[in-house]
Amino acid sequence: MRLDHLIALNAERVARRAAMLVVDLARGTERVVREADLAGDMLAETARERFRSGESGVVDTPLGQKFLAVTVPPPRLIAIGAVHISQALAPMAKLAGYDMTVIDPRTAFATPERFPSVPLYPDWPQDVLPRLGLDRYTAVAALTHDPKIDDPALEAALRAGCFYVGALGSRKTHARRIERLRAAGVDETMIARIAAPIGLDLGGRSPGEIAVAVLAQVIRALRKGSEGGP
């Protein structure tokens with residue numbers, strides 16, 4: 001690998017952006033393709049699929065075989081609310097390969113005893129999220145039912161282009177949430193990205209079952225680019 005290409009790939013990795021090294025197997029030439037620069041690239045469709053899967057490999061193209069060495073940031077899941085659903089979600093997210101963080105200003109809930117080995121921030125989302133940074137490889141699940149806590153996190157996640165944004169609550173609750181976000185100046189297209197009621201419709205009712213549904217929807221959004229719906 002050329003040194004300038006290695007430097008470019010490392011820079012994307014540090015910035016939590018996806019990129020790949022494309023190697024022409026016949027000619028031995030190589031180039032770096034950044035996810036942000038895919039428009040107009042002859043490998044755009046294939047590259048998008050590989051960025052979603054995170055898998056490297058050989059592909060056939062009209063110009064011969066290429067090897068795609070893919071680097072994507074580790075996916076993150078930020079749970080807004082130190083609630084029972086978050087407690088059930090944390091170990092499952094870890095098993096699925098997601099770095100999970102919990103944010104909740106309610107210090108009675110946000111305790112290390114309830115969330116061992118999970119990064120925990122007993123503070124307001126609007127204070128914590130700028131420090132953590134949000135990006136397109138981050139999922140945000142708002143789980144408190146409290147607009148003062150959930151709404152700022154949802155707005156930040158939508159504006160940052162997080163790959164998944166979900167919110168707990170009934171359709172009536174979500175309708176009121178939409179009105180608040182509109183009043184805050186959030187674009188209708190962004191609002192439409194919110195998965196609400198949160199999680200795949202598995203018919204579950206317990207915190208553990210809801211956590212399974214949420215994680216399944218997060219995984220689907222990352223791997224298939226789909227969020228709401230059945």
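The preceding data block contains the structure.
Keep in mind the model is a prediction, meaning the values are calculated, not measured.

Basis of the calculations
- Residues numbered from 1 in each chain as written.
- Predicted model: local features only at pLDDT ≥ 70, side-chain atom pairs only at ≥ 80, totals over all residues.
- Heavy atoms only, no water.
- Axes fitted to C-alpha atoms, helices over the stretch in contact; angles between N-to-C directions.
- Helix = DSSP H or I, 4+ residues; strand = E, 2+ residues; numbered from the N terminus.
- Parallel < 35°, antiparallel > 145°, perpendicular 65-115°, else oblique.
- Left-handed = near helix turned anticlockwise from the far one by under 90°.
- Contact = heavy atoms within 4.5 Å.
- Nonpolar A, V, L, I, M, F, W, Y, C, P; charged D, E, K, R; others polar.
- Salt bridge = Lys/Arg side-chain N within 4 Å of Asp/Glu carboxyl O.
- Buried < 20%, exposed > 50% of the residue type's maximum accessible area, 1.4 Å probe, protein only.
- Core = buried A, V, L, I, M, F, W, Y, C linked by side-chain atoms within 4.5 Å.
- Pairing = 2+ DSSP bridges.
- Right-handed = clockwise from strand over helix to strand, strands pointing away.

**Overview of the packing of helix α5 (residues 147–160) against helix α6 (residues 171–183)**
Closest axis-to-axis distance for the α5/α6 pair is 11 Å, and the angle between their directions is 60°. Taken together, α5 and α6 sit at an angle that is classed as oblique. Considering only the axes of α5 and α6, their crossing is right-handed. Contacts between α5 and α6 involve Pro147, Asp151, Leu154 and Glu155 from the first element and Arg177, Arg180 and Leu181 from the second. Here the residues of the contact of α5 with α6 sort into 3 nonpolar, no polar and 4 charged.

**Structural notes on the pattern of salt bridges**
Applying the stated criterion across every chain, the model contains 15 salt bridges. In this structure, Asp24 and Lys66 form a salt bridge, with 2.7 Å as the shortest nitrogen-oxygen distance. Of the two residues, Asp24 is situated in strand β1 (residues 19–24) and Lys66 in strand β4 (residues 64–71); the sequence distance between them amounts to 42 residues. The same class applies to Asp24 as to Lys66, namely buried. Note that Asp41 and Arg31 form a salt bridge whose closest N and O atoms lie 2.9 Å from each other. Of this pair, Asp41 sits in the loop between β2 (30–34) and α2 (44–53) while Arg31 sits in strand β2, and the two are 10 residues apart along the sequence. For Asp41, a relative accessible area of 17% translates into the label buried. Several salt bridges converge on common partners, so that one network encompasses Glu12, Arg17 and Arg34.

**Considerations on the nonpolar core**
Ranked by size, the top nonpolar core spans 42 residues in total, and within it Leu77 and Tyr164 carry the most contacts. Elements supplying a minimum of two residues to this core: β1, α2, β4, β5 (76–80), α3 (84–95), β6 (99–103), β8 (138–142) and α8 (207–224). Counting residues in each nonpolar core, the second largest holds 22 residues, with Leu129, Leu154, Leu158 and Val186 among its members.

**Overview of the sheet that holds strand β3 (residues 57–61)**
The 4 strands are arranged β2-β1-β4-β3 in an open sheet whose pairing can be described as antiparallel. Of all the strands in the sheet, just β2 and β3 have a single pairing partner and so form its edges. Strand-to-strand, the axes of this sheet are offset by a mean angle of 30°, without reference to chain direction. Pairing between β3 and β4: 5 bridges, direction antiparallel. Opposite Asp60, over in β4, you have Gln65 as the bridge partner. On the sheet, helix α1 (residues 3–14) packs against β1, β2 and β4 and is oriented at approximately 15° with respect to β2. Contacting β1, β2, β3 and β4, α2 crosses the sheet at an angle of about 35° to β4.

**Digging into the pairing of strand β9 (residues 164–167)**
Both faces of β9 are covered, namely the face carrying Tyr164 and Gly166 and the face carrying Val165 and Ala167. Across 4 bridges, the pairing between β8 and β9 is parallel. When the bridges of β9 are listed, Ala142 appears paired with Ala167. The handedness of the β8 to β9 crossover, carried by α5, is right-handed.

**Section: the packing of α3 against α8**
At a minimum axis distance of 8 Å, the contact between α3 and α8 shows a crossing angle of 50°. Here α3 lies oblique to α8, going by the angle between them. Handedness of the crossing formed by α3 with α8: right-handed. Across the interface between the two elements, His84, Ile85, Ala88, Leu89, Met92 and Ala93 of α3 pack against Pro207, Gly208, Ile210, Ala211, Val212, Val214 and Leu215 of α8. Per-class residue counts for the contact of α3 with α8 are 11 nonpolar, 2 polar and no charged.

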